[in-house]
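Chain residues, written in single-letter form:
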Amino acid sequence: MIRITSALRTFSYKFSFSSIKFASVITFNMEKAYLRHSPNGEYFDLTFKLPVNENSSRAFNFSRKLNETVETFLSRVKTNVEKVVNKKKKKTPVSDLQPVSATLLINKSPVAENQTCQEIFKQGESIELIINNKTFSVIINSPWVITLELPTSILATFPTYPSKFETLFTNLNLSEFVWFKSKDNVHWDEVGRNYIYVPRNEDMECFLKFSCTPKNEYTIGPTIEAVSTCKVEASPGECPFERRQIFTQNRVTGNEFRIVSYNILANLYCDSDYTREVLFPYCPPYALSIDYRKQLFMKEIIGYNADLICLQEVDSRIYKCDLESTMSHLGYKSTFYTKGTEVTEGQAFFYNEVRFILLDTQKVIFSQEIASNPVLAEIWERVKKNEKLAERILARSTILQVNVVGSLEFNEVLVIANTHLYFHPDADHIRLLHGSIAIKYLEDVVRQLQERYEGKRVSLIFCGDFNSVPTCGIYQLYTTGSIPGNFVDYSSNPEESIENINMTHSFQLGSACGTPEYTNFTASFADCLDYIYYDKSSLTVSQVVPMPSKEELTQHTAIPSIVFPSDHIALVSDLKWS
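Residues numbered from 1 in each chain as written. Predicted model: local features only at pLDDT ≥ 70, side-chain atom pairs only at ≥ 80, totals over all residues. Heavy atoms only, no water.

### Points about the sheet that holds strand E20 (residues 399–407)
To summarise the sheet geometry, strands pair through backbone hydrogen bonds and adopt either a parallel or an antiparallel arrangement. Ordered in space as E19-E20-E21-E22-E28-E25, the 6 strands form an open sheet in which the pairing is mixed. Across the chains shown, the open sheet's two edge strands, defined by having one partner strand only, are strand E19 (356–365) and strand E25 (509–511). Between one strand axis and the next, the sheet turns by 20° as a mean value, whatever way the strands run. When strand E22 (residues 457–465) meets strand E28 (residues 530–535), the two strands line up antiparallel, connected through 5 bridges. Paired with Asp-465 across the strands is Asp-530, a residue of E28. This element, helix H12 (residues 473–480), spans E22, E25 and E28 of the sheet and lies at about 15° to E28. (Pairing = 2+ DSSP bridges. Helix = DSSP H or I, 4+ residues; strand = E, 2+ residues; numbered from the N terminus. Axes fitted to C-alpha atoms, helices over the stretch in contact; angles between N-to-C directions. Contact = heavy atoms within 4.5 Å.)

Written out as structure tokens, the structure is:
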């Protein structure tokens, strides 16, 4: 049985009070003390700002266990405040130093000091903390910004946003974001009021400041600001993808939807001397930097105005800090899966939440599925007869990302598959076997969905970097429906060759973008490796966004370059239900 789960893949923040970072400026309401419970239920964090003399005040942050007594907690508060206050009075005789008092009130009545903090600090209670004569209203689980940092590279006309941004108890849709610019880091002018800001050419040589006031449905947290360490720089000029975006200026509507498939080149494979000196020596090191490249591919992806986006070679950190956080502000929801090993890159899927709803999502690890899934038993029986082949298949980390979305406008269900197949030159047989596993698996997924959603039409779209040119077996298998057991790919490695796997499938698939001359273009290799396969029985192609010309690709020798963020080219097509 195919295991389709409705559980979504999400990133969980590992709460650690020692990891809380304050930005350049954090603005507190001086009448409030902000208390946050940790998700694991063991600790709480309390922050307040207290005047320590006539001219200055000090922020205090306490991280304590919830099971400690109020007496112990208040004792710690008094000790810490006394240290700061008395430090300001070094020349005062000890006998003249005044001890600090700290009291907790609940509903205006003193709290018994033998009670635990967990018994007292509950949401909805009216709690006050009194330190000397200063009274604070204790706000439980106020919206709070944990981490806020700005990028180390900012280009004019390219979208910018926080490079690190983590919050607690915050509804980002309700929160307030403000951007400022300054020539001197002193005088600031407001320039934008969104999470994303696109610096203008007149912003060049300016610093940027980002301000966030976190909010939720109940209250407002303290405002936090971060200032860029770099100035806005000149852009590389018009990028070829911007010329492609003439065809995607508007979103499609009605029975059409736009889909993108794009290998964005993981930083994991880009940040090394080998990459800089051997793979892409023609690309300036600064243009290989992820801080530079991500500005390009974010502008590119956003500008396609797509409804469905399949990405390959996505670093976990880039997904979390750039793609997921930014695209969510533009109306996209997403799923993300890393490969089957500890490699921190994988595949991401984004969908326009105005037009689609996610019904199911799953990560399929080919090496695990082939030996355990009855649907694949025939393939596995053939594979395991060759010990070396079986060993190599089981060692691979390749995955298939399967997302099922339902149209919010039509009685249609789409299975959106996304993969990135093994790249090795002698692995045509591995890729063909993985392609065969994928298509048989997806056949069974579609069959189950047709039973589950009776009355709805279920269609398949299969995107990815297949690392296979059109003359290879995968393209023939997918577009003709079958491939003979003696196909040449099966013997690409003589020691791992396999015979008599006559593969067939029931789909009627076409390649939405055809077979472009190039979807991957480096100095040492250039060919068509990427595809958007679609179900011709229910879908038709209404537009294919033209690919860059060879002149554009060779303008800086090859790609990546200062105007191309990846060694692959995004495929963009408009499909419609027929």
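### Observations concerning helix H6 (residues 290–303)
Counted at 1.5 Å a residue, the expected span for H6 with its 14 residues is 20 Å, and the 19 Å between its end C-alpha atoms agrees. Along H6, 12 of the 14 residues are buried, which leaves the element largely enclosed by surrounding structure. Of the positions making up H6, those classed as buried are Ile-290, Tyr-292, Arg-293, Lys-294, Gln-295, Leu-296, Phe-297, Met-298, Lys-299, Glu-300, Ile-301 and Gly-303. (Expected span 1.5 Å × (residues − 1). Buried < 20%, exposed > 50% of the residue type's maximum accessible area, 1.4 Å probe, protein only.)

### Quick notes on the sheet that holds strand E14 (residues 223–227)
The strand order across the open sheet formed by 5 strands is E1-E14-E13-E11-E12, and the pairing between neighbours is antiparallel. Each having just a single partner strand, strand E1 (25–27) and strand E12 (189–192) make up the two edges of the open sheet. For this sheet, the mean inter-axis angle between neighbouring strands, taken without regard to orientation, is 25°. Relative to E14, strand E13 (residues 207–213) runs antiparallel, the two being bridged by 4 bridges. What sits directly across from Lys-209, in E14, is Val-227.

### Looking at the environment of Leu-421
Within the secondary structure layout, Leu-421 lies in the loop between strand E21 (412–420) and helix H11 (428–452). For Leu-421, a relative accessible area of 3% translates into the label buried. Counting along the chain gives 108 residues from Leu-421 to Leu-529, while the straight-line C-alpha distance between them is 9.9 Å. Those residues within four positions of Leu-421 in sequence are excluded, and the remaining contacts are Phe-366, Thr-398, Arg-431, His-434, Asp-465, Phe-466, Asn-467 and Ile-474.

### Let's talk about the pattern of salt bridges
Following the criterion strictly, the structure yields 34 salt bridges and no others. With its nearest N and O atoms 3.7 Å apart, the salt bridge here joins Glu-225 to Lys-209. Here the residue Glu-225 occupies a position in strand E14, and Lys-209 occupies one in strand E13, the gap between them amounting to 16 residues. A cluster of three or more residues bridged by salt bridges with shared partners is formed by Glu-176, Glu-190, Arg-193 and Lys-215. (Salt bridge = Lys/Arg side-chain N within 4 Å of Asp/Glu carboxyl O.)

### Examining the nonpolar core
Counting residues in each nonpolar core, the largest one holds 72 residues, and the members touching the most others are Ile-301, Ile-309, Leu-311, Leu-323 and Phe-350. Among the elements that line this core, the one with the most residues is H6, at 6 residues. Excluding residues that lie within four positions of it along the chain, Ile-301 makes contacts with Tyr-262, Ile-264, Ile-309, Leu-311, Leu-323 and Met-327. Counting 49 residues, the second largest nonpolar core, distinct from the first, contains Leu-442, Tyr-453, Tyr-478 and Met-503. (Core = buried A, V, L, I, M, F, W, Y, C linked by side-chain atoms within 4.5 Å.)

### Quick notes on the state of the cysteines
Under the defined criterion, the tally for this structure stands at 0 disulfides. The thiol of Cys-206 is unpaired, and the distance to the nearest cysteine sulfur, on Cys-230, comes to 12 Å. With no disulfide of its own, Cys-513 lies 9.0 Å from the sulfur of Cys-463, the closest cysteine sulfur. (Disulfide = S-S within 2.5 Å.)

### Brief notes about the pairing of strand E7 (residues 127–131)
In terms of burial, E7 is largely enclosed, as 4 of its 5 residues are buried. Pairing of strand E5 (residues 102–106) with E7, which is carried by 5 bridges, proceeds in the antiparallel orientation. Looking at E7, one finds that Leu-104 is bridged to Leu-129. With 4 bridges joining them, E7 and strand E8 (residues 134–140) adopt antiparallel strand pairing.

### Digging into the packing of H6 against helix H7 (residues 316–328)
The geometry of H6 relative to H7 is characterised by a closest axis approach of 12 Å and an angle of 30° between their N-to-C directions. Classified by the interaxial angle, the pair formed by H6 and H7 is roughly parallel. Handedness of the H6/H7 crossing: right-handed. Two secondary-structure elements touch here, H6 through Ile-290, Lys-294, Phe-297, Met-298, Ile-301 and Ile-302 and H7 through Ile-318, Asp-322, Leu-323, Thr-326 and Met-327. (Parallel < 35°, antiparallel > 145°, perpendicular 65-115°, else oblique. Left-handed = near helix turned anticlockwise from the far one by under 90°.)

### A short note on the confidence of the model for the protein
Overall, the prediction assigns the protein a mean pLDDT of 92, with 94% of residues at 70 or greater. Low pLDDT, under 50, characterises residues 1–23; the predicted model gives this stretch 56 contacts beyond four residues in sequence or across chains. (pLDDT = per-residue confidence, 0-100.)

### Things to note about a nonpolar patch on the surface
Taken together, the side chains of Tyr-274, Val-278 and Leu-279 make up a nonpolar region of the molecular surface, amounting to roughly 290 Å² of accessible area. Inspection of the secondary structure assignment puts Leu-279 in helix H4 (residues 273–279). Exposure remark for Leu-279: the relative accessible area of 36% places this residue in the partly exposed category. (Patch = residues over 30% accessible without salt bridge, like charges linked within 9 Å, V, L, I, M, F, W, Y side chains within 5 Å. Areas by Shrake-Rupley, 256 points an atom, 1.4 Å probe, with all protein chains shown as cover.)

### Here we look at the packing of H11 against H12
H12 packs onto H11 with a crossing angle of 25° between their chain directions and a minimal axis gap of 9 Å. Put simply, H11 runs roughly parallel to H12. In contact with Arg-431, Leu-432, Gly-435, Ser-436, Ala-438 and Ile-439 of H11, H12 contributes Gly-473, Ile-474, Leu-477 and Tyr-478. Among the residues making up the contact of H11 with H12, the classes are represented as 6 nonpolar, 3 polar and 1 charged. (Nonpolar A, V, L, I, M, F, W, Y, C, P; charged D, E, K, R; others polar.)

### Concerning the packing of aromatic side chains
Within the structure shown, the criterion is met by 36 aromatic pairs. Measuring from centroid to centroid gives 5.6 Å for Phe-462 and Tyr-478, while their planes differ by 35°, and the two rings are tilted. Highlighted residues: Phe-462 in strand E22 and Tyr-478 in helix H12, separated in sequence by 16 residues. Looking at Tyr-478, the relative accessible area reads 1%, which means it is buried. Geometrically, the ring pair formed by Tyr-531 and Tyr-533 is stacked, given 5.3 Å between the ring centres and 15° between the ring planes. Looking at Tyr-531, the relative accessible area reads 1%, which means it is buried. According to the relative accessible area criterion, Tyr-533 is buried, its value standing at 0%. The rings of Phe-165, Phe-177, Trp-179, Tyr-195, Tyr-197 and Phe-210 are connected pair by pair, giving a single aromatic cluster. (Phe/Tyr/Trp six-rings, centres within 6.5 Å; stacked < 30°, edge-to-face > 60°.)

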